[in-house]
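# Observations on the model geometry
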Amino acid sequence: MSTGDMVGDTGCPGDTTGGKGAAVGGPTTAEQGWERFFTYGPYGLLGLGSAVSAVTAGLIMSRPEVYTAAVLVPCALVLQLWWGRAKRSRPPGSRAAQCYFAVRTLLAFGLTWCNPFFSMYAVLGYFDAGRLLPQRAFRAGLLVVAAIMAGSQSGSGLPPASLMNWVAFLVLFALHGTLTMVFAKIGDHEADHARTQTDTIAELESANARLEQALAENAGLHAQLLVQAREAGVADERRRLAAEIHDTLAQGLIGIIAQLQVVTSVGGSDPALARRHLDRAADLARHSLGEARRSVHNLVPVALEHDDLPGALEKTVTDWAEHHAVRAGFTVTGTVEPVHDEMAATLLRIAQEALANTGRHAGASRVGVTLSFMGDELTLDVRDDGRGFVPHALPPYRGAGGFGLGGMRARAERVAGTVEVESEPGHGTAVSVRVPL
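Residues numbered from 1 in each chain as written. Predicted model: local features only at pLDDT ≥ 70, side-chain atom pairs only at ≥ 80, totals over all residues. Heavy atoms only, no water.

## Considering the nonpolar core
Taken as a class, soluble globular proteins show a tendency for nonpolar side chains to be buried jointly. Stated precisely, the cut-off is as follows: For our purposes a nonpolar core is just a set of buried Ala, Val, Leu, Ile, Met, Phe, Trp, Tyr and Cys residues, chained together by side-chain atoms within 4.5 Å. Relative accessibility decides the category of a residue: with a 1.4 Å probe and only protein chains considered, values under 20% of the type maximum give buried, values over 50% give exposed, and everything between is partly exposed. Going along the chain from the N terminus, every DSSP run of H or I of four or more residues is numbered as a helix, and every run of E of two or more is numbered as a strand.
Formed by 35 residues in total, the largest nonpolar core has its most connected members in W83, L111, Y121 and Y126. In terms of residue count, helix α5 (residues 95-114) provides more of this core than any other element does, 8 residues in total. Within the second largest apolar cluster, 33 residues are counted, among which are M343, V382, M408 and V419.

Rendered as C-alpha cells:
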C-alpha cells in the first residue's frame, strides 16, 4: 500500500505546476527541458516500471499477468518509437496524437492491471494530456489517468479485490479527479491570462504605431506652422517697413519737393524767401537721411552679431549713458539661458526705444535696466526717475514703424509678448516687457 502511494505521489498533477513554475523563471530553458522529458521520459518511466515490476513479480503477479506484461511492454516500446518519429510532422491535438494518447493509456491500464508499479508509466498522461488531446477531450483524458492511478494506489491493484479496496479506490479516484480538475482549471486560467497578455501587447504595439504616425504627422504640421509663422512675420515686417517709409521718408521727400517748388516759383524776385525754403529743404533732407539710417539700423541689430542678449543690452545701456551723461545701470537676474534670435532682437529694440524715449522726454538723472530669466519667461524692465507722464493721455498708436510705446507693444505682440507701462507725472516711468523664453 505504501509503495503504491509512493508511486502515485510521484505522478500527482501537482508536479505539472512545478514544471510551469520553472517555465516562468526561464521560458526557453524550461521549454527545452519539457521537450526532452516528452522525448525520453516515456522510455525512462517504462523502463523503471518494468524493472520494479520484475523485482516484485513473484510477490504480486500471477503467471498470466507476467506473460501479459511481457507482451505489453514491447508494444509500449514500439508505440513510443513510432510516436518519436511521427510527432515531427503531426501537430499537437491531431488525430495521430489522440490515437497515441489513447493507445498508450490502454497499455498503461493493462500494465497497471498486471502490476501496480507500472503506474509509473501511466503517470505520463498527467503531463501531456493538454499537448496531445483537443480541449473537449482534455478533462476526460485526465480522469482516465486518475482512475488508473487510484487503482494502483488502492492496495490490491486493478481490479480492487475487496470492498475496502473499492472504497479506497473510489476515495483515491475522487481525490485524483478533483486535483486534476483543479489544476486543469488553473491551467485554463493561465492560458487565458497569457492570451490576454498577448492581445494587450498587440494592442500596445498597434497603439505605439499609431502614436508614432501621429507624432510624424505632428512634426510635419509643426514644420508647416513654422513656415507659415515665418512667412507671416516677413509679411508683417514688410507692412511695418512700408508704413515707416510712408510716414517718414516719403513725407520728407514730399516736403523737400514742395520747398523746391516754392524756390522755383519765387525765382530771382525774392532771394531771401528762396534761401529760407532752400534751408527748409536741406533740413528735411537731413532728417529723411537720418530716418533712412534709423530704418536700416532697425532691420539688423548689429549688437547681437557679436554678443548675446545680456552683453548687447549692457553695451547699449553703457553707450546711452555716455551719450546722454546720465547715470545708468544694467542688471541680470536668474540663470542666464540661450534666447531665440527673434526674442533677443525684439527685447534689444524695445530697450533702445525705451532709452531713446527717456533721453528725449524724461529728463531723468538715473536709469536702471534689468533683464530677468524666470523659468519659461523673460522680463525686461527699464525704469527712470524722470518727469513721468499720464500713459492714458497718449495718442493711439497707428502702426508707424516702431515709434514710442505703441511701437514697443507692436514689437512685443509679434513674439507673443506684452508691454506694461507705469508712470505718473513727477515720479518717473517704468516699462516692463514679458516674452516667452
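Moving on from the model shown.
## Focus on the side chain of S119
Filter applied, for reference: Nitrogen and oxygen atoms within 3.5 Å of one another constitute a polar contact, given that in protein one can donate a hydrogen and the other can accept it, and given that sequence-neighbouring residues count only through two side-chain atoms.
Structurally, the position occupied by S119 is in helix α6 (residues 119-122). Classification of S119 by relative accessible area gives buried; the value is 0%. At a separation of 2.9 Å, a polar atom in the side chain of S119 contacts the main-chain carbonyl oxygen of P116.

## So, the confidence of the model for the protein
To keep it simple, the criterion reads: The pLDDT value expresses, per residue, how confident the predictor is, ranging between 0 and 100. What makes two residues a contact is simply this: any of their non-hydrogen atoms within 4.5 Å.
Of the residues in the protein, 84% have a pLDDT of 70 or more, and the chain-wide mean is 78. Every residue in residues 1-27 is under pLDDT 50, and counting partners more than four places away or in other chains gives 37 contacts. The model gives residues 398-403 a pLDDT under 50, and that stretch makes 13 contacts with residues more than four places away or in other chains.

## Points about the sheet that holds strand β2 (residues 366-374)
Inclusion rule: Strands are treated as partners if at least two bridges between them are detected by DSSP. Fitted lines through C-alpha atoms give the axes, limited to the stretch in contact for helices. The angle between two N-to-C directions lies from 0 to 180 degrees.
Strands sit in the order β1-β2-β3-β5-β4 across an open sheet of 5 strands; the sheet is mixed. Since the sheet does not close on itself, it has two edges, and those belong to β1 (327-333) and β4 (418-423), each with one partner. With strand direction ignored, the average angle separating the axes of adjacent strands in the sheet is 10°. Summarising the sheet, β4 and strand β5 (residues 429-436) pair through 6 bridges and their orientation is antiparallel. What sits directly across from S423, in β5, is T429. In the packing of helix α11 (residues 309-324) onto the sheet, contacts are made with β1, β2 and β3 (377-384), and the angle to β1 comes to roughly 170°.

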